[in-house]
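A look at the structure
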Amino acid sequence: MAEVLVLVDHVDGEVKKVTNELLTAARRVGEPAAVWVGAGADAAAPKLAEFGAEKVYTASSELNDYVVAPKAELLAKLAGENSAAAVLVSATPENKEVAARTAVKLGSGALTDVVDVTPELVTEHSIFGGATVTHAKVRTGAPVVALRPNSVTAEASQGAGAQEEVSVDLPESATSAKVVERVKQERGARPELTEAAIVVSGGRGVGSEDFSVVESLADSLGAAVGASRAAVDSGWYPNEFQVGQTGKTISPNLYIALGISGAIQHRAGMQTSKNIVAVNKDPEAPIHEISDFSVVGDLHKVAPQLTDEVNKR
Ligand code: FAD
């Protein structure tokens, strides 16, 4: 069975949930081989094996000192040498660039913002605010697929997890952009926005920089907090929490929109959420069209009631 390379997403050695989803998707296509860049592979390999990684390729931490290009060099080298069937990465902004660069090196194609992939490597994409589903397939070479977090349900399956060290010669062009500093995002105990199973977002309807009505509901549910661009542009919530076309793209199991109208640019970032709940005082707001459950009412009354109910359970 051909190998399917999976680029591992980890923060200081802690494997992100999306990697297990990628390994699960990879098993549909072939034999998953995780690709680890950085320190901590020894501790992580058994965990990757639990989701089917037959191999764990381990590359030097030095590759992390540079921006994207070295990872593309590594993936292209591994894919070429092992005749990989495909390369899977998570659809983060950084990894989408890795995907594009890897595809150029392989002479194949990159498919980004994928929400599903079949054993035949046909990918599914949700576009135009969820109004249209498209399917795509790369016709030449090993496709590089960037899958959105929470698109595939991670399922455990024991693999061998055999570690193999790999090295790659980096051309000068791959080391021209160096990472000078990494700043850890402070978000308290809340899950990361792109990884969270539940997201509660606030929009202009929140009415002020006091986002506690959104945060309280999020905390009662163990959810991440998101925001519309109107809320971010008003200075009510930090930019890194913006959901939408020019913000983060997310697919949680549950997305709760508080005081968000549902503009197409906002929908572009959350339309693939499995369940959408909207609280909006305007019955004509477009968000209701894509909601599974709508509450027409004042969020400052509805959200605290909901928070109280959840906290009671
Ligand atoms: P509004 O559209 O003003 O909606 C506020 C809603 O709150 C209304 O529906 C109102 O009925 C409701 N409301 C008010 N008070 C209450 C209350 N007390 N209780 C309940 N409901 C209440 N937007 C994004 O979000 N993300 C993006 O990434 C993004 N990228 C963009 C990129 C481009 C190139 C452009 C042109 C726009 C982009 N936008 C983006 C902006 C987008 O077009 C909208 O302007 C924005 O999403 C609106 O945010 P909102 O829904 O919070 O505000």
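Residues numbered from 1 in each chain as written. Predicted model: local features only at pLDDT ≥ 70, side-chain atom pairs only at ≥ 80, totals over all residues. Heavy atoms only, no water.

Identification of the protein as Electron transfer flavoprotein alpha subunit apoprotein from Haloactinospora alba is taken from an unreviewed UniProt entry. Turning to the protein, the UniProt record has this under Subunit (unreviewed entry): "Heterodimer of an alpha and a beta subunit." Word for word, the UniProt comment on the protein under Sequence similarities (unreviewed entry) is "Belongs to the ETF alpha-subunit/FixB family." (UniProt positions renumbered as here; feature names shortened; annotations may be inferred.)

Remarks on the environment of Thr24
Its location among the elements puts Thr24 in helix H1 (residues 17-29). By relative accessible area, Thr24 is classed as buried at 8%. Along the backbone, Thr24 and Ala156 are 132 residues apart, and their C-alpha atoms lie at a distance of 7.6 Å. Of note is the side chain of Thr24, whose polar atom sits 2.7 Å from the backbone oxygen of Asn20. (Helix = DSSP H or I, 4+ residues; strand = E, 2+ residues; numbered from the N terminus. Buried < 20%, exposed > 50% of the residue type's maximum accessible area, 1.4 Å probe, protein only. Polar contact = N/O pair within 3.5 Å; in protein donor to acceptor, adjacent residues only side chain to side chain.)

Comments concerning the nonpolar core
Core analysis: the biggest nonpolar cluster contains 28 residues, and Trp36, Leu48, Val56 and Leu88 have the highest contact counts within it. Looking at this core, the elements with two or more residues in it are strand E1 (3-7), H1, strand E4 (31-37), helix H2 (41-49), strand E6 (86-90), strand E7 (110-114) and strand E11 (144-147). It is H1 that contributes the most residues to this core, six residues altogether. Excluding residues within four positions of it along the chain, Val56 makes contact with Ala34, Trp36, Ala45, Leu48, Gly161, Ala162, Gln163 and Glu164. (Core = buried A, V, L, I, M, F, W, Y, C linked by side-chain atoms within 4.5 Å. Contact = heavy atoms within 4.5 Å.)

Notes on the pairing of strand E15 (residues 254-258)
Counted residue by residue, E15 has four buried out of five residues, so it is predominantly covered. Of the pairings in the sheet, the one linking strand E13 (residues 198-202) to E15 comprises five bridges and is parallel in character. Looking at the pairing, Gly202 lines up with Leu258 of E15. Sheet topology note: the E15/strand E16 (residues 275-280) ladder contains five bridges and is parallel. If you follow Ile256 over to E16, its bridge partner there is Val277. What joins E15 to E16 is helix H7 (residues 264-270), and the crossover it makes is right-handed. (Pairing = 2+ DSSP bridges. Right-handed = clockwise from strand over helix to strand, strands pointing away.)

A look at the pattern of salt bridges
Throughout the structure, instances matching the rule amount to 16 salt bridges. Across the pair Lys105 and Glu73 runs a salt bridge, and its minimum N-O distance is 3.1 Å. Residue Lys105 is located in helix H4 (residues 93-106), and its partner Glu73 is located in helix H3 (residues 69-81); the two are separated by 32 residues in the primary sequence. According to the relative accessible area criterion, Glu73 is buried, its value standing at 13%. Two residues, Arg101 and Glu97, come together in a salt bridge whose shortest N-O distance is 3.1 Å. A residue pair is termed a helical-turn pair when its members lie 3 or 4 positions apart in one helix, as Arg101 and Glu97 do in helix H4 at four residues. Judged by its relative accessible area of 37%, Glu97 falls in the partly exposed class. Linked by salt bridges that have partners in common, Lys96, Asp113 and Arg148 make up one network. (Salt bridge = Lys/Arg side-chain N within 4 Å of Asp/Glu carboxyl O.)

Digging into the pairing of E11
Every second residue of E11 is oriented toward a common face, with Val144 and Ala146 on one face and Val145 and Leu147 on the other, all of them buried. In the sheet, E6 pairs with E11 via four bridges, with the strands oriented parallel. Residue pairing for E11: Ser90 is matched across the bridge by Leu147. When E7 meets E11, the two strands line up parallel, connected through three bridges. Paired with Ala110 across the two strands is Val144, which belongs to E11.

Comments concerning the site of the ligand
Surrounding the ligand, one finds 25 residues, the nearest of these being Arg204, Ser228, Thr246, Ser261 and Asn280. The contact in question runs from an oxygen atom of the ligand to an N or O atom on the backbone of Arg229, over 2.9 Å. Between Ser261 and the ligand, the recorded distance is 2.7 Å, taken from a side-chain N or O atom to an oxygen atom. Protein burial of the ligand: of its 980 Å² of free accessible surface, 75% is covered by the chains. When residues of the shell around the ligand are traced back to their parent elements, those giving at least two are helix H6 (229-233) and H7. Across the shell around the ligand, the residue classes tally to six nonpolar, 14 polar and five charged. (Near = heavy atom within 4 Å. Areas by Shrake-Rupley, 256 points an atom, 1.4 Å probe, with all protein chains shown as cover. Nonpolar A, V, L, I, M, F, W, Y, C, P; charged D, E, K, R; others polar.)

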